[in-house]
Amino acid sequence: MKSLLPLIYIICFHIIFLSACTDKRHQLHSELFYIESLSDEKPDSAAILLHQFAIENRGLSQTDEAYYNLLQTKTNILLKASPSDSIINTVINYYENNEDGHKLALAYYYKSQISMSLEADSIAMVYILKTIDKVKMTNNLQLLSNAYNHLGFIYLMQNLPSNALQAFKKAYDYTDFLGTQYERSKLYDPAFTTEFRKGEPV
């Protein structure tokens, strides 16, 4: 029996260690989830929390690092900072190889926004269409509305006003299915508002 004691101690140690690691991963994911929930309304506060998170947590798992970089990109876009194209590429690569359709759709969406800010409208178009295809599978109607709205602005950049109007109309239509009051006035270019509401082409 005594000869088994070291083995029992080793097994117990590994169980405790694995349990602690699981709890730590859950805690980190919960912190990132909270920051994400805060980011839409208070991106400046989310940015501060992300900075603190990076200082306090070194050596993240690939999953947590991808989630962190996704949120970092989002807050940079919302705060009109300078999001990194190379970082969002690594996020896309991770989520394309790991099943998380919602986060992959977001990564495509942010990639399209970054590309548009760099005046790379053809790349922006590729990724916003990827966003729309992916988000239709996740049934996130708010993201789908935002994606069509962004598509409309890409069409405007390409001097395709008729296509832009159709995209803006889809963005508007999807808000009918949202359960909360949505600020439709933010969805499309004011120059199209009157014509759209009348149902007339530009």
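Counting restarts for each chain, with residues numbered from 1 along the sequence as it is written. Since the coordinates come from a predicted model, pLDDT governs what is reported: local features require at least 70, and pairs of side-chain atoms require 80 or more to be given and counted, while whole-chain, interface and lining totals use all residues. Water and hydrogen atoms play no part in the side-chain values, which are based on all heavy atoms of the structure.

1. Description of the confidence of the model for the chain
Atomic detail in the predicted coordinates should be set aside for any region of low pLDDT.
Now for step 1: When pLDDT is averaged along the chain, the result is 79; 74% of the residues meet or exceed 70.
Now for step 2: Think of pLDDT as the predictor's per-residue confidence, scored from 0 to 100. Note on contacts: a residue pair qualifies if any of its non-hydrogen atoms lie within 4.5 Å across the two residues. Below a pLDDT of 50 lies the segment residues 4-22, which in the model reaches zero contacts outside its immediate sequence neighbourhood of four places, other chains included.

2. Description of the packing of helix α3 (residues 62-78) against helix α4 (residues 85-96)
Now for step 1: To get an axis, a line is fitted to the C-alpha atoms, and for a helix only the part in contact is used. The angle between two axes follows their N-to-C directions and goes from 0 to 180 degrees. A helix here means a DSSP run of H or I that spans at least four residues, while a strand means a run of E at least two residues long, and both kinds are numbered starting from the N terminus. In contact at an axis separation of 9 Å, α3 and α4 are set at 135° when each is read in the N-to-C sense. Put simply, α3 runs oblique to α4. Considering how the two elements wind past one another, α3 and α4 form a crossing that is left-handed. Counted together, Q62, T63, A66, Y67, N69, L70 and T73 of α3 and I87, I88, T90, V91, Y94 and Y95 of α4 form the full contact between these two elements.
Now for step 2: Charged means Asp, Glu, Lys or Arg here, nonpolar means Ala, Val, Leu, Ile, Met, Phe, Trp, Tyr, Cys or Pro, and polar covers whatever is left, Gly included. When the residues that make up the contact of α3 with α4 are grouped by side-chain class, the tally is eight nonpolar, five polar and no charged. Geometric relationships in this document are graded by angle, where less than 35 degrees denotes roughly parallel, more than 145 denotes roughly antiparallel, 65 to 115 denotes roughly perpendicular, and other angles denote oblique. For a crossing to be left-handed, the near helix must be turned anticlockwise from the far one by less than a right angle; the clockwise case is right-handed.

3. Comments concerning the nonpolar core
As a rule of thumb, nonpolar side chains are buried together in soluble globular proteins.
Now for step 1: We call a set of buried residues a nonpolar core when its members are Ala, Val, Leu, Ile, Met, Phe, Trp, Tyr or Cys and they connect through side-chain atoms within 4.5 Å of each other. Three exposure classes are used, based on accessible area relative to the maximum for each residue type with a 1.4 Å probe and protein chains only: buried under 20%, partly exposed in between, and exposed over 50%. Ranked by internal contacts, the top residues of the largest apolar core, which has 43 residues, are L32, L70, I88, Y95, Y110, I128 and L151.
Now for step 2: Residue assignment for this core shows that the elements contributing at least two residues are α1 (5-39), α2 (43-56), α3, α4, α5 (101-117), α6 (121-138), α7 (141-157) and α8 (161-174).
Now for step 3: With nine residues, α5 is the single largest residue contributor to this core.

4. Describing the packing of aromatic side chains
Now for step 1: Only Phe, Tyr and Trp rings take part, Trp by its six-membered ring, and two of them pair if their centres are within 6.5 Å. Stacked means planes under 30 degrees apart, edge-to-face means over 60, and tilted covers everything else. Applying the stated criterion to the full structure yields six aromatic pairs.
Now for step 2: Ring plane angle 50° and centroid distance 5.8 Å describe the contact between Y108 and Y127, whose orientation is recorded as tilted. Taken as a pair, Y108 in helix α5 and Y127 in helix α6 lie far apart in primary sequence, 19 residues in all. Side by side, Y108 and Y127 carry an identical accessibility label, which is buried.
Now for step 3: Geometrically, the ring pair formed by F153 and F168 is edge-to-face, given 5.1 Å between the ring centres and 70° between the ring planes. In this pair, F153 is assigned in helix α7 and F168 in helix α8, connecting sequence segments 15 residues apart.
Now for step 4: When its relative accessible area of 27% is taken as the criterion, F153 is described as partly exposed.
Now for step 5: We classify F168 as buried; its relative accessible area is 1%.
Now for step 6: Cation placement over rings: the criterion is NZ of Lys or CZ of Arg within 6 Å of the ring centroid and within 35° of the ring normal. The ring of Y67 carries the charged tip of K103 above its face, separated from the ring centre by 4.5 Å.

5. Some remarks on the packing of α6 against α7
The geometry of a pair of packed helices is captured by two quantities: the angle between their axes and the separation between those axes.
Now for step 1: Contact pair α6 / α7: the axes reach a minimum separation of 10 Å and the direction vectors enclose 160°. Taken as axis vectors, α6 and α7 run roughly antiparallel relative to one another. The interaxial crossing formed by α6 with α7 has left-handed handedness. From α6, D121, A124, M125, I128, L129, T131, I132, V135 and K136 reach across to α7, where they touch L143, L144, A147, Y148, H150, L151, I154, Y155 and M157.
Now for step 2: Here the contact of α6 with α7 is composed, by residue class, of 14 nonpolar, two polar and two charged.

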